[in-house]
Structures are given as C-alpha cells and as structure tokens.
2 protein chains.
Amino acid sequence: MSATLRLALLLLAVAVCQGYQSNDIDEEDELVYEPSKYGSLWPLPQKVRVSEVSFKLPSASFKIVDAKESSAGPSCSLLQNAYRRYYEYMFGSVRKPGYVKSRAAGPSEISELQVWITSADSECDSYPSLTSDESCEFKNINSTTISDFPRFAHRGILLDTSRHFLPIKVILANLEAMAMNKFNVFHWHIVDDPSFPYLSRTFPQLSQQGAYHPYTHVYTPADVKMIIEFARLRGIRVIPEFDTPGHTQSWGKGQKDLLTPCYSGTTPSGTFGPVNPILNTTYSFMRQLFSEISSVFPDAYVHLGGDEVDFSCWRSNPDIQNFMEQQGFGQDYSKLESFYIQKLLDIVTTTQKGYMIWQEVFDNGVKLKPDTVVHVWMGNRVEEEMQNVTEAGYTTILSSPWYLDYISYGQDWQKYYKVEPLSFKGTEAQKKLVIGGEACLWGEYVDATNLTPRLWPRASAVAERLWSAKEVTDISDAYSRLSMHRCRLVERGIPAEPLFTSFCPHEYKGV
Amino acid sequence: MSATLRLALLLLAVAVCQGYQSNDIDEEDELVYEPSKYGSLWPLPQKVRVSEVSFKLPSASFKIVDAKESSAGPSCSLLQNAYRRYYEYMFGSVRKPGYVKSRAAGPSEISELQVWITSADSECDSYPSLTSDESCEFKNINSTTISDFPRFAHRGILLDTSRHFLPIKVILANLEAMAMNKFNVFHWHIVDDPSFPYLSRTFPQLSQQGAYHPYTHVYTPADVKMIIEFARLRGIRVIPEFDTPGHTQSWGKGQKDLLTPCYSGTTPSGTFGPVNPILNTTYSFMRQLFSEISSVFPDAYVHLGGDEVDFSCWRSNPDIQNFMEQQGFGQDYSKLESFYIQKLLDIVTTTQKGYMIWQEVFDNGVKLKPDTVVHVWMGNRVEEEMQNVTEAGYTTILSSPWYLDYISYGQDWQKYYKVEPLSFKGTEAQKKLVIGGEACLWGEYVDATNLTPRLWPRASAVAERLWSAKEVTDISDAYSRLSMHRCRLVERGIPAEPLFTSFCPHEYKGV
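Everything quoted here is computed from the prediction, not taken from an experiment.

**So, the relation of the copies chain A and chain B**
Least-squares fitting of chain A to chain B yields an RMSD of 0.0 Å, with the transformation described by 0.0 Å of translation along the axis and a rotation of 180 degrees. Within this description, the copies of the chain are treated as partners about a two-fold rotation axis. Minimal C-alpha distance to the rotation axis in chain A is attained by S408 of chain A, lying at 2.4 Å.

Below is the structure:
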C-alpha cells in the first residue's frame, strides 16, 4: 500500500504537511483538557477528515519517494533534505533492528510515501516568496485525508541579534522550529543601537567597531549564506532589517559622520543622534550598503525600519536647523524624517527590491511604492491603523498583539491565539491587503540561554492564527493539540516550554 | 609565591570562596552601569580589601594543595572534587600547552593555593548542617584579602518535581549553580498532587501508580543517593518535602484508602480529598513511609508541608462528620487538620528528625517542637507573621517575596534584591530566630526546557541578600557585579538569562 502526498508547489513541500498523534498523554490527569479529535495537528489544516483506521509504517522498509507524476528532478536537494528530516522525525535517526529489509509489505502496512510536486522548478533552486503556493493534500494516510493551504501568505518571526548576539546554532534551531510551525518568514532584525553584528564586505569597519566583539560576535558572509540556505530548504524567506534613521548608535562607531552630532548649547556634546539626513555622504554610504544587502539577501523584500526616531538631537544641531529652514520644514521634524526616508526608498528601489517599513513611515505621509508592506506594531489604535493603511491601498502585516518579549505569569499563549487580524472595519478588498503577521521577540531580555523556550510554544499560537481558518478558535481543543505539539517539538530537540502542569513522554535532554 | 586559603570548617570549602574579574565587558556601552570596584564578586563577601596588584596563575604548574596545618586527611574526596572543579573553572578542563611543567615560578606568579581546613572531620564524610561553619579567609591573592561568612545560615532553593518531572541532569546542573551562588539548601518539593516521582522501597506502588510514568519519570533510590552526594560535595543540604495532608492527589493512586472519599449528597462522588485523618491505617502508613524517608535523606530536617488544606471534601464525608462530633471539634475543620498534623509530627519525632512546616501549621496553633522551622510563604501580612512566629520562639525562614515562578517583564531581580528579611518589628532575640530564606520555583510553568534560565540569575539576587551584609544594597553596584557573575555562570555551562541588553565574552553554547 502506498500513500500519496500531492503538493501544489515545491516550496515547503513535506515540511509543512505533517502531524502524528502521541498516545502517551495521560488522559486521566484532571488538569489536562479533553483530547482533540484532531490529535496533535498544529496548525490545524484547512480540511481534515479523520479516520480511526490505522496502518503500520515499517521503519526498515518504508520509503519516501518522488511520485512518477512529480515535476521534481532527481537532484532536487530541497526534497532530499526534507525526506531525510521527516524520516528521522518518524523513525529516529537510526533504522531499528528486527525488520527484514526487503520484506514485502503486510496488508495493513504502508510501504511508501509518494511525493508529487507540481512546481515548474525541477531543480528546486528557487527561493520562497510571498506568492509561493504552500497548499498540499494528503491522501490515504491512515485513511485520513488532509487538504491544506495557509490563510495568510506572510507568517513571520522577528529575532533581534543586536541587543544580544545570537549564535548561529540558536538561529538554525529556531528556523527548524519555525518550519515545524509553518512559519515562512524570518524577519532578521540584524542590527540596532547596541551592536552591529553584520559583517559587511563593503564596510567591514561597521562590525569591527560596532559589534560586541569583532570576531566572536559577528555574522560573516558565510554565516549569512548558511542561514539563508538553511531557511530556504525549509520554505522560509529571510528578510533582513537595516533600521534607519533611528536605532543606529552602533553604526556610528565604524562610520564617521554618519550620525548627527548632538549639541549642548552651541557646542557638540560628544553624543550622536539619528543618521545625519543633510549630508550627501550619508546617501552615498546607504547606496553602497544597500547595494551589498540586496545581493547578499535573495528575498524580494528588505525591511527598512523607520520606527521611533527621536528628534531631540536633530533639534539641537545648528546645521540641521539651517537645513530645516532652507527646506521650509519649519519646526516639523517629521518632515525631515520623511525627507530622509524618501531618499532612502529611492535608493533601495534602484536595487530592484521591494521594501517593508514600520508604520511610522506611512503615518508620516512618506510616498511609498504600491508594493510596500506596512508593518503595524504600535499597541494603541491598532484597528484604526489597519483600516488607514489598507484604505490607502498598501499591503500590511500585523505585529502589535504579538510582542512576545513581553512576558507575564500564566498561559499568555491564549491571548495571542484569540487575536483576529481582520477585525478592523474595511471592505473585502481592504481585508485582502492584510497578507499576514509576525511574532516579535525583541532582544532586551533574551539571548542564547533563554530565547528558544521563551519563543516556543508561545509563537505556535500565532502560527495557527496565521495559518488555519478564521473559525478555528476553540481554546480547549487548541490546548490539547498544542500540548502534544509542544511535546513533539521537545522530542525533536527544541526546548519548547510547557503550557501548564504536565509531562512529555520524552522530556528535554538538555539543561 | 603561594596563596593561603584558610577555612574555618571543611564544608563548602573552596566552593564558596571564589571570584575573578572579567575585563571584556564593554565599558563604553551606555546601557551598562559603572563597573563595581569589587569586580564580579557575587555574593559580596563580608570583608574585602581590594588591591590593584595582580599576579599570574601559570596553568601548567599551578597547584591547589592542602596546607601543612590543614586538618583534612589525604582521602578527603570532598576537597579533591573541589580542587578539580575550581582548577577547571580557572584554566578550563585541559592544561594549556606551551608551559614547561616543572618550571620555577616567576616573581609575579602564584605557584600554588594552600587550603587550610580547620574542621575535625578529616575524612570529610559528614553532611552539611544548619550549624556548619561556612566562614573562610583569603590571603595574598592578588594582594586582595577576603574574610567571609554568611549573614544567614539557611539559604535555599525550592524546586518542584511533581508538577513537571525534572531529569536528574537538570537537578545536578542547578545544584552546581547553587554552589556558585553560595546557596546551601536544596528544598526538594519532590511530590504533590500531579505526580509522585519518588520511588519508595517500602511502597513502590506510590510511584508505579502516581508518577507520570513508572520508569522514565521517577527518582530511583540510586538517583536520590547521587543527588544527595552531589549536593554534599558542594556543601548543600538536601531537605525533602513530603507535603500532607493536602497536595496528595497523586498519593491516592497507589495507596488505597489513604485519601478521604468525597461525597456528593449521601453517596461517594468518586473523587478524593486530603489524607484521611480518621483511619489508623493512615498513621501506620505514614510511620513506615517517614521511617524510610528519614534513613534515605541524611539531613537533620524534613519538610512536612501542611499548606493549603481544602476542607470541602472533609465536610462532605459523613464518617468525617461523625469523627468531628466525637472529638468535639464542632465545625472547625482546622482542628481536624491540627489533629492530623499533631499525630504526624509525633511520628516524625520518633525518627529523630527535626521538621520544617509551612506557616499554616503554626497559624492553626499546632504544638511544635522547639527546633521547628516555620516556613513563611504567604504574600499578605508577611512582617506580622514573622513577628508572631519569632515571638512564639520558633526559628523561621522567609519565602514570601521570593516566589520566582511569578514572572514579569523587566528586571525583577531588583525587587528580590531589595527585600530586607529582618524588617519586621521584634527584639534582637526575635531577629536571631530568622535563620534565612528560600527562593521558590514552583513547577506549573517550568520543566527541563526553561527552568535553569528562569531561575538564574534571578535567584542570585536572593543569594546575595541572604549571604552578604545587611548594608550591601547598592543596586547599581549589584547590577555591574551580577552582570559579570551571570556571564561567569554562562561560561561554566549554566544557561543563566541576561539582566538586560548586553553580551558575554563566551555566550551559551547550547540552544
């Protein structure tokens, strides 16, 4: 007997279509909710018809193979990697002894999984994109049928590698966990005020001076390449954020004259403010830097930040004051900010990239390309903002309710789970402009020691909200599935923290 | 040149006397407070005179040896283990190449550390106790002199292995971290409602039926023995808590008739309440169980719990109602609770153990042995409770302000740090009865995946409050030392989470 998995497109392939049931959860325990009829499926697929009939998967002879109709070529390394990964998830990394290798399959055994890819890219060399088709269908596995596709196309996690440096190993582990939760965007907030760990080929002094340490706390070009490829193999886009003109203190250490000198009265105070928007050198620097970034990061989008610009330093600087006067900006420094951003957007447009920006850039009335993604993050008036952004015709993603760096005692995953991204007032056309959301884990209080358990399974709640149908809102059913899902993450080596008093059949093996 | 370390007593020995300075913390970073003149010392010793003169410690030839005056015998394995541990902390686990082994020490080198023990126990076989002398003096190390002793004798961490099972590895790692923070009591809240992981030789069915899993989620006698010995080598007492009569749901699974059957009207509802206090079989069971416990756990104290007894089930049961009438208790079920506890205390007294109990037992007026330790945990009227307990002449430990399972966004270590345990009204004699405190990490939301970073360095704040002088309260100085101390924990393999935006010279190597 064989099972067929048909994928509309190569990307994410097997990675997004999985789910098995663990039977070891103690059903007697009064603290555990009722088991879900969907077992441990997470995020819940769009259509599932569960059957009680079960088949054996013989580890010694079981195969995952390309279906004969599949468009995938024999050297599609993405699929080869996925087959290995899922074989190991199913059977562990070593074949169990006791099976005869070429034994014929018994009547209740599934001997192989045929993977039928319908993408045109037979060599699987392309990168995932916003328009990648992530739908898939499962047929004849335990007589259960699954037909699946995501509700939103952009389902991201923001990690911040500036406030604390995150070793490669931590990033890779979290990409792995993202794949297990059908996240498809790694928003890499790579640099910020505290440190500049991105090793630029064009401006190596940026990390030499601006990283916490020039050798041990940087991402080399090889590191970045590896992270992008690791992500690609799991259907995950990598969107880097180079946030300007604020959040750039660390940039100033390696790039003279980039930041605005702040004044105390009539003399420079020795401290610096945002990027200096009145110098030509600033724009020639940005042109070179973003030219490099656009070739290092293959995704069609780059995130340009633009949030939380503090005007006090600009205000103190006499040269800036003169410039404001010349330009007729009066005392409205948001006009100066827009002036800078507008020039930056034009520069980035020449690199053939689309851009994402934090909501302030839109709020300040900067002229944006039609394909701009406006990132809504502020906690107040969220629905009003979503309404305004979509009314103006821009695509948008939501993060306001999903700042996972904020912690509190208890089951806060429920709060993230209950969010409905389309609850704002607007037309159907406006709703369609909401392409997804991102869970943000800002780095003030997390590093390699605690990031992974703080992110998972809290981000899993966001994953289901962004993937599954709008109507999937039963907290009790979610609790049951998510408990099992988190144990599955733990069994696969991800230290996902517990939802509540409970146990996993296989507890985490680390410390 | 040699350095001498004189210890008043063997226990804790080298383990509690250490501290080195890392110079890699970025002093330019505006987010980092001023460095402390005490470097990374944590908890701060009672008396330190710092010198700027520094000496080299040559890893190839450096020795830690018994001073000739030392009372420690040649087979004192506690010291041998401590020497190895500290050698590895100083130089890493392998000798670095490039040094000539028998090279004579240069003028600015320290060739050996002489450890002078003044304890009578030359074989170091004894267990730490409440009265262990933990004082020590350092002479001639970098010309810095340290004279040290703890402010409080009981400095504990409570871990809960019932709500989530904690693998041995996690417990050992946290004992290691405790030693690095001069904690000297592991309060092992080993069983509770959700599970009974203690494998009893006398009543093996308790864990067979009551553990999350009878093989993978239990502590065998060998496990318990290893944990106690691992703790002993680090000067840490292990005080087990077997909490009754409430918090015993898991006990009922393996021990028929131990719990009170609850009634719904005139018929048993099928659910059970606290331990049944009216049956003789209850007390014969407790006699056998605590007889075993008293021999398995060498410490002079056992914690008997006694907190949060819910009376509703007792009230529903007609047999209990009759018993109440017979005894003339009226409707005062706290009298029934006291009746039970009194009998239990008498049983435990015959095992030659002292006992600790949660504050309710004292509050209910149960007659206690003079050496009883009353454990104050409730959040309301803490000072009043401390006053009452000490007025009644009992020794007490404080936990109310240190429930580390409660989390919030930001630097909550400061809140723990600012507590002054002796701030209640009372005589000097009353203050002396406060023998210390415990940081409690209840298990609802922590297991192997997140326990260690959640506990450290937040518990380190409690460690300094309980060890150092009352006057050590400078938050800014503490921030600087604690930041470096947490990096030291990380370098030694403990995933202690960051205080705030920062970096460590050696980031955590795990995920």
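**So, the nonpolar core**
Counting residues in each nonpolar core, the largest one holds 212 residues, and the members touching the most others are W456 of chain A together with W456 of chain B. Those residues within four positions of W456 of chain A in sequence are excluded, and the remaining contacts are I157, N174, A177, M178, N181, F183, L489, I494, A496 and E497 of chain A. Of all hydrophobic cores here, the second largest spans 16 residues; its members include I64, C76, I117 and L233 of chain B.

**Examining helix α11 (residues 382-391) of chain B**
Residues and elements named next belong to chain B. For α11, the set of buried residues is V382, E385, M386, V389 and T390. Down the axis of α11, the sector holding all buried residues measures 120 degrees, keeping them to one side. Buried positions along α11 lie against α10 (359-363), β14 (373-376), β15 (395-398), α13 (428-432) and β16 (434-441). Just past α11, the residue G393 takes up positive phi, approximately 90 degrees.

**Things to note about the UniProt feature "active site" (unreviewed entry) in chain A**
Residues and elements named next belong to chain A. In this structure's numbering, the residues bearing the UniProt feature "active site" (unreviewed entry) are E308. Along the chain, the position of E308 falls in the loop between β12 (301-303) and α7 (312-316). For E308, a relative accessible area of 46% gives the class partly exposed. With sequence-adjacent residues up to four places away left out, E308 is seen in contact with H247, E360 and W377.

**Quick word on the UniProt feature "domain: Glycoside hydrolase family 20 catalytic" (unreviewed entry) in chain A**
Taken from the UniProt record, the annotation "domain: Glycoside hydrolase family 20 catalytic" (unreviewed entry) applies to residues 152-469 of chain A. Taken end to end, residues 152-469 of chain A comprises 40% helix and 18% strand; its first and last C-alpha atoms sit 10 Å apart.

**Examining the interface of chain A and chain B**
A common way to express how large an interface is: the accessible area buried when the components associate. With 48 residues of chain A at the contact, the number on the chain B side is 48 residues. Of the roughly 4,400 Å² buried where chain A meets chain B, counting both sides, 59% is carbon and sulfur surface. Among the residues of chain A in contact with chain B, Y409, Y445 and V511 of chain A are the three that bury the most area, contributing 20% of the side total. Where chain A touches chain B, the interface holds 22 residue pairs in polar contact (both at pLDDT 80 or more). The set of elements that each furnish at least two residues to the side of chain A that touches chain B consists of α2 (168-180), α14 (451-455) and α16 (475-491) of chain A. Its residues assigned to classes, the side of chain A that touches chain B comprises 24 nonpolar, eleven polar and 13 charged.

**Side note on the packing of aromatic side chains**
Considering all chains together, one arrives at 67 aromatic pairs over all chains under this definition. Through a chain of ring-to-ring contacts, the aromatic side chains of F165, F186, W188, F196, Y198, F203, Y219, F242, W251, F285, F290 and F297 of chain A assemble into a single cluster. Sitting above the plane of the F424 of chain A ring, K431 of chain A keeps its charged end 5.2 Å from the centroid. The lysine or arginine in question, R492 of chain B, covers the ring of Y89 of chain B, its NZ or CZ lying 3.6 Å from the ring centre.

**Quick word on the domain arrangement of chain A**
Residues and elements named next belong to chain A. In terms of domain boundaries, chain A breaks down into domain 1 (47-91 + 110-148) and domain 2 (154-492). Look at where the C-alpha atoms of domain 1 and domain 2 centre, and you get two points 33 Å apart. Across the contact, 14 residues belong to domain 1 and 18 residues belong to domain 2. Viewed at the interface, domain 2 and domain 1 are joined by two salt bridges. With a shortest N-O distance of 2.9 Å, E134 and R155 are connected by a salt bridge.

**A word on unusual backbone geometry**
Residue and element names in this part refer to chain B. Cis peptide bonds are those with omega within 30 degrees of zero, and the linkage from W42 to P43 qualifies with -10 degrees. Mapping P43 onto the fold places it in the loop between β1 (2-7) and β2 (47-49). In this structure, K182 is a non-glycine residue whose phi angle is positive, near 60 degrees. For K182, the position within the fold is in the loop between α2 (168-180) and β8 (185-189).

**Comments concerning the environment of P401 of chain B**
Residue and element names in this part refer to chain B. Relative to the assigned elements, P401 resides in the loop between β15 and α12 (413-417). Accessibility expressed as a relative area gives 26% for P401, which makes it partly exposed. Taking the C-alpha atoms as reference points, P401 and V115, 286 residues apart in sequence, are found 37 Å from one another. Dropping the residues within four chain positions of it, P401 is found in contact with Y416 and V419.

**Some words on the state of the cysteines**
All names here are of chain A. A complete count under the given rule lists six disulfides over all chains for this structure. Covalent S-S linkage joins C76 and C124, the inter-sulfur distance amounting to 1.9 Å. Its torsion about the S-S bond being -125 degrees, the disulfide of C76 and C124 is classed as left-handed. Of this pair, C76 sits in the loop between β3 (63-66) and α1 (77-91) while C124 sits in the loop between β4 (112-117) and β5 (136-141), and the two are 48 residues apart along the sequence. By relative accessible area, which is 2% here, C76 ends up buried. Residue C124 is classed as buried on the basis of its relative accessible area of 0%. Between the sulfur atoms of C487 and its disulfide mate C504 the distance is 2.1 Å. Between C487 and C504, the disulfide has an S-S torsion of -85 degrees and is therefore left-handed. Residue C487 is located in helix α16, and its partner C504 is located in the segment after α16; the two are separated by 17 residues in the primary sequence. Both residues of the pair, C487 and C504, count as buried.

Cut-offs and rules
Residues numbered from 1 in each chain as written. Chains lettered and ligands numbered in written order. Predicted model: local features only at pLDDT ≥ 70, side-chain atom pairs only at ≥ 80, totals over all residues. Heavy atoms only, no water. Least-squares fit on C-alpha atoms with pLDDT ≥ 70 in both. Core = buried A, V, L, I, M, F, W, Y, C linked by side-chain atoms within 4.5 Å. Buried < 20%, exposed > 50% of the residue type's maximum accessible area, 1.4 Å probe, protein only. Contact = heavy atoms within 4.5 Å. Helix = DSSP H or I, 4+ residues; strand = E, 2+ residues; numbered from the N terminus. Arc of directions from axis to C-beta. UniProt positions renumbered as here; feature names shortened; annotations may be inferred. Buried area = accessible area lost by both parts, 1.4 Å probe. Polar contact = N/O pair within 3.5 Å; in protein donor to acceptor, adjacent residues only side chain to side chain. Nonpolar A, V, L, I, M, F, W, Y, C, P; charged D, E, K, R; others polar. Phe/Tyr/Trp six-rings, centres within 6.5 Å; stacked < 30°, edge-to-face > 60°. Lys NZ or Arg CZ within 6 Å of the ring centre and 35° of its normal. Domains from an automatic or database assignment. Salt bridge = Lys/Arg side-chain N within 4 Å of Asp/Glu carboxyl O. Disulfide = S-S within 2.5 Å.

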